[in-house]
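Examination of the molecular architecture
Okay, here's what each chain looks like letter by letter:
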Amino acid sequence: MIFLRGDGAYRLINFLQKIMPIKFKALGSIYSRMLITVVIPFLIFSFSALYYMLENQNEELSEVKNLLGDLAADQFVRHAIDALYLEDQVMLEQEIEHMRSLVGVDGLIIYNVWSDKIDTFGYVDYDITQLPTKSPSQSMSEFVARLKPLSHQNYKIYSDSQQFIFRQIRIPPNSQYYSSSQDLIGWVMVAMNNNMMMGRRDEKIFLILMVVGFLIFFAGSLSVIYARKISQSIVDLNTRVDDMALGNVDDLAAEVGPNEIQQLARGINRLAVTIRDANLLTQSEIARATSQLHATLNELEEVAKGQNQFLARMSHELRTPLTAVIGFSRLVASEESTTKRSEYLDVVEVSSTMLLTMIDDILEFSKAHSAGFTLEKINFDIRKWLVDVMAIHRESAEDKNLKLHHEIKGPLPQLVRGDPVRLAQIISNLVSNAIKFTEEGVVSVTVEMDSSPENFNILHCTVKDCGKGIAVDQQEALFEPFTQENEAINRLYGGAGLGLSICKKLVNIMDGDISIHSIIGKGTDISFNCRLYEPFGESLSQVESDTESKVSEILTGVKILVAEDNLFSQKLIVKLLEGYGAECSVVNNGLEAIEIARMLHIDLVLMDVHMPVVDGIEACASIVNQSSDSPPVLGLTADITGEAENNMIAAGAQLVLRKPLNETALINTILSTMERKSHVLESADEGLLSSIIPVAELKEALEQNLNDLEAHLDDTSDVDFQHILHNLLGLSGLYGMSEFRQLILSFKTSYGVQSTEESGRLLQAIRQNLEENLVVKDSSH
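Residues numbered from 1 in each chain as written. Predicted model: local features only at pLDDT ≥ 70, side-chain atom pairs only at ≥ 80, totals over all residues. Heavy atoms only, no water.

A separate point is the overall build of the chain. Check the secondary structure of the chain and you find 22 helices and 17 strands. Relative to its 781 residues, the chain shows a buried fraction of 39%. In the chain, the proportion of contacts linking residues at least 24 apart, taken out of those at least 6 apart, comes to 66%. A total of about 43300 Å² of accessible surface is found on the chain, and carbon and sulfur atoms cover 54% of it. (Helix = DSSP H or I, 4+ residues; strand = E, 2+ residues; numbered from the N terminus. Buried < 20%, exposed > 50% of the residue type's maximum accessible area, 1.4 Å probe, protein only. Contact = heavy atoms within 4.5 Å. Areas by Shrake-Rupley, 256 points an atom, 1.4 Å probe, with all protein chains shown as cover.)

Looking now at the nonpolar core. In terms of nonpolar packing, the biggest core is built from 41 residues, with Ile382, Trp385, Leu423 and Phe528 touching the most fellow members. Mapped onto this core, the elements with two or more residues apiece are helix H8 (382–399), helix H9 (420–436), strand E9 (442–452), strand E10 (456–464), helix H12 (499–509), strand E11 (513–519) and strand E12 (523–533). If one sorts the elements of this core by residue count, H9 sits on top with eight residues. Here Phe528 is in contact with Leu423, Ile426, Ile427, Leu430, Leu459, His460, Cys461, Val507, Asp513 and Ile514, once residues within four sequence places are set aside. The next biggest cluster of nonpolar side chains, apart from the first, holds 23 residues, and it includes Ala73, Ala83, Ile110 and Ile169. (Core = buried A, V, L, I, M, F, W, Y, C linked by side-chain atoms within 4.5 Å.)

With that out of the way, let us pick up a negative patch on the surface. A contiguous patch of negative charge, built from Glu55, Glu59, Glu60 and Glu63, is present on the exposed surface. Within the secondary structure, Glu59 sits in helix H2 (residues 30–86). Given a relative accessible area of 48%, Glu59 falls into the partly exposed group. (Patch = residues over 30% accessible without salt bridge, like charges linked within 9 Å, V, L, I, M, F, W, Y side chains within 5 Å. Salt bridge = Lys/Arg side-chain N within 4 Å of Asp/Glu carboxyl O. Lys, Arg positive; Asp, Glu negative; His and termini not counted. Charge placed at Lys NZ, Arg CZ, Asp CG, Glu CD.)

Quick look at helix H4 (residues 140–147) now. Of the positions making up H4, those classed as buried are Met140, Phe143 and Leu147. Buried positions in H4, seen along its axis, are confined to an arc of 60° and lie on one side of it. Summarising the contacts, the buried residues of H4 are in contact with strand E1 (105–112), strand E4 (162–170) and strand E5 (184–193). (Arc of directions from axis to C-beta.)

Take the sheet that holds E4 next. Strand order across the open sheet formed by five strands is E2-E1-E5-E4-E3, with antiparallel pairing between neighbours. The open sheet terminates on both sides in strands that have one partner only, identified here as strand E2 (117–122) and strand E3 (157–158). Direction of pairing for E1 relative to E2: antiparallel, over a ladder of six bridges. Each residue of the ladder has a partner; that of Asn112, found in E2, is Lys117. Seen against the sheet, helix H3 (residues 89–101) touches E1, E2 and E5 and runs at an angle of roughly 150° to E1. Against the sheet, H4 makes contact with E1, E4 and E5, and its axis sits at roughly 20° relative to E5, the strand it touches most. (Pairing = 2+ DSSP bridges. Axes fitted to C-alpha atoms, helices over the stretch in contact; angles between N-to-C directions.)

Turning our eyes to something else, we now look at the state of the cysteines. Enumeration according to the criterion identifies zero disulfides in this entry. Not part of a disulfide, Cys461 finds its nearest cysteine sulfur in Cys530, a span of 8.3 Å. (Disulfide = S-S within 2.5 Å.)

On to the packing of aromatic side chains. Going through the model one piece at a time under the given rule, you end up with five aromatic pairs. Between Tyr111 and Trp187, the ring centres sit 5.5 Å apart and the planes meet at 25°, which makes this aromatic pair stacked. Of this pair, Tyr111 sits in strand E1 while Trp187 sits in strand E5; the two residues are 76 residues apart in sequence, bridging distant segments of the chain. Summarising the burial analysis for this pair, Tyr111 and Trp187 share the class buried. The interplanar angle of 35° and the centroid separation of 5.4 Å between the aromatic rings of Phe166 and Trp187 together place this pair among those described as tilted. Here Trp187 lies in strand E5 and Phe166 lies in strand E4, a separation of 21 residues in the sequence. (Phe/Tyr/Trp six-rings, centres within 6.5 Å; stacked < 30°, edge-to-face > 60°.)

This brings us to the environment of Ser161. Note that Ser161 resides in the loop between E3 and E4. On the basis of relative accessibility, which here comes to 23%, the residue Ser161 falls in the partly exposed class. Considering only alpha carbons, one finds Ser161 and Asp125, 36 residues apart in sequence, at a separation of 7.3 Å. Setting aside chain neighbours within four positions, we find Ser161 in contact with Tyr123, Asp125, Met192, Asn193 and Asn194.

Taken together, the side chains of Leu207, Val211, Phe214, Leu215, Phe218 and Leu222 make up a nonpolar region of the molecular surface, amounting to roughly 590 Å² of accessible area. Its place among the elements puts Leu207 in helix H5 (residues 198–245). Since its relative accessible area comes to 56%, Leu207 is described here as exposed.

Let us now look at unusual backbone geometry. Notably, Asn401 is not glycine yet its phi reads approximately 55°, a positive angle. With respect to the secondary-structure elements, Asn401 resides in the loop between H8 and strand E7 (403–409). Asn401 sits in the exposed class, given a relative accessible area of 70%. In this structure, Val613 takes a positive phi of about 65° despite not being glycine. For Val613, the position within the fold is in the loop between strand E15 (604–608) and helix H16 (616–624).

Taken together, five strands build an open sheet; the order of strands is E14-E13-E15-E16-E17 and the sheet is parallel. Edge positions in the open sheet fall to strand E14 (583–587) and strand E17 (655–658), since each of these has one partner strand only. Within the sheet, the average angular offset between the axes of one strand and its neighbour, ignoring direction, is 20°. In the sheet, strand E13 (residues 559–563) pairs with E15 via four bridges, with the strands oriented parallel. What sits directly across from Ala563, in E15, is Met607. Against the sheet, helix H15 (residues 590–599) contacts E13, E14 and E15, and its axis sits at roughly 165° relative to E13.

Let us look at the confidence of the model for the chain. Interpreting fine coordinate detail is not advised for predicted regions of low pLDDT. The predicted model of the chain averages 76 in pLDDT, with 76% of residues at 70 or higher. Residue range residues 682–692 is modelled with pLDDT below 50. Its contacts to residues more than four positions away, or to other chains, number 26 contacts. (pLDDT = per-residue confidence, 0-100.)

Summed over the entire model, instances satisfying the criterion amount to nine salt bridges. Between Glu595 and Arg598 there is a salt bridge, with the nearest N and O atoms lying 2.5 Å from each other. Linking Glu595 with Arg598, this pair stays in helix H15, spanning three residues, or about one helical turn. Several salt bridges converge on common partners, so that one network encompasses Asp70, Asp74 and Arg167.

As structure tokens, this is what we get:
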């Protein structure tokens, strides 16, 4: 028998697929596997039971046949003794006929000792010559010994078709013929038919097969029904999944069948619902993104259109004053009349001022979009500040016969803290626009201050004019960059359309708002508010009386490390700081700064961003990360892009000061960093920075760098070109030589683009500017 263990059924399936690939092609399906998995074990069990029952039946039939043979043999022995002893042939034949009539008895073999003769009756399938007989020379005891093995109860003799049962024929002791010396009178062998029970066995086999066949049919039918039900459910689920793959997630699968199939159906339905929800969400997101994309594209188109218009307008606006400057400059050179030359120079001045204003607006706008504005927080006298701002525009107002006045509503503090430069930029822009668009009448500025319990003040300011006014639908757009009311305004008054945009950005970073109210034909009011803070230190009167006595003491005991690679800048900064009582140490590169800050006690480090050996940014990061009590670092830079400032702050600097240095801002920043807030200085028109360095030394340092630059142009020097420019920019920025510094920047920009001769001519112009301006400054001192 074959028993399938483990994956035996699957091996049988694979075997059937190999030998009968056509008929068993679908045996890999769940339906076929379930059917075979149920039927094959049942078949194995049925045939095993059938085999067991048949074997049992054969044993039982064999036992019955042996029993009948034994009974027939014993019966013949009892009844044949008299016939054999008396040699009564008639009686013997009667017994033989009776024996042959018994079921299963085919014949007999009888041996008579006295006659020494073997007789056969009926059908006997045996060679009688092989049977034992008594020879004359053999004693009775020897003959009995030969018969002993054949006389054993379980001894059977078989031929192809018969079974023989052997019995000795002895006279029993109670018989009248008994003799102890001669009780054996012969033997008999009864031939039993082997097929005597075959009919009954065939009947039982047929009955068993019928029962097994019915059970197999019943089990197979149940298996087919159950397997078909499960497989059909799976086929339906598979069809549902295929529909989902095609995008149909609205129809759900039927949750029927066994528990496992129902769980699978519920899982597929949950998946369908999830996909449906995800599709809806995706569609909504796509719709939203598409809408945003369309809006962005529209905005970009508007921006591109505005930029194109701006470029076209700027090309016109810049060329107009430039043409006037160039044309009238040539006329001045050829004109001999002093009056005419004065008129021409006035035109040149107006055109230059217009050109400078547009360039300043563009630079401010670019800065706002790249690095953003940086606000200072210094103390200033707001009344004096307002008078100074109004004084700037009074001449332009008088030129148009306009009245310009300001009004302060309510009390104003003597000192406030904020950024007076940026605040002046806002009001100057608004006042300049008011004067530009007003032909007659008054331009007024109203200022009012609200105090706040959170230690800051809210400044309210309104600039009002009597101009032509602005249409309501144009008012909000005026705060967008490159925007003016219309093209006619641009052609009539010029400008880049950036002033109000810059004002709005400045007001916003001061935590304020700006708004416009205008009526056509009556004028325009532009109002804004911003946050100003309570001042640090003493009142204005106290500062004015005590500054001179305390100025040399406010940094007493403060040890400052000056990290500057330019010797002249070192000398300038050290003299300035020592004038306020500080103790200064000087290093020439970033590596020395790191070592000094590690070995000595330093209260504060002034670090130039561009340093040799180790960059100032890297040196700053190293000093800050040395320990928890590392000295604070203040950066110094002449970079106007803001990138170096951001990198320095990211490296750990407390603040970055830009060159040219504002003396008051430098000292106040040091005091604030050292938390000496009670000693903060107020702004002054002139500080120590303007007088501590002799002009002769400054001129000598600048000329030496210009000589190095000229040698570099002639290819006779190995001096680093970038190092020379860094020194020139640093010195000019530190000392406030803005025109000289602008020429150096122009040289740096054009270097490598123009010819050596043109670079040489620009270098001579720089030298000429140095001679003219430095002499003026020297004489003023």
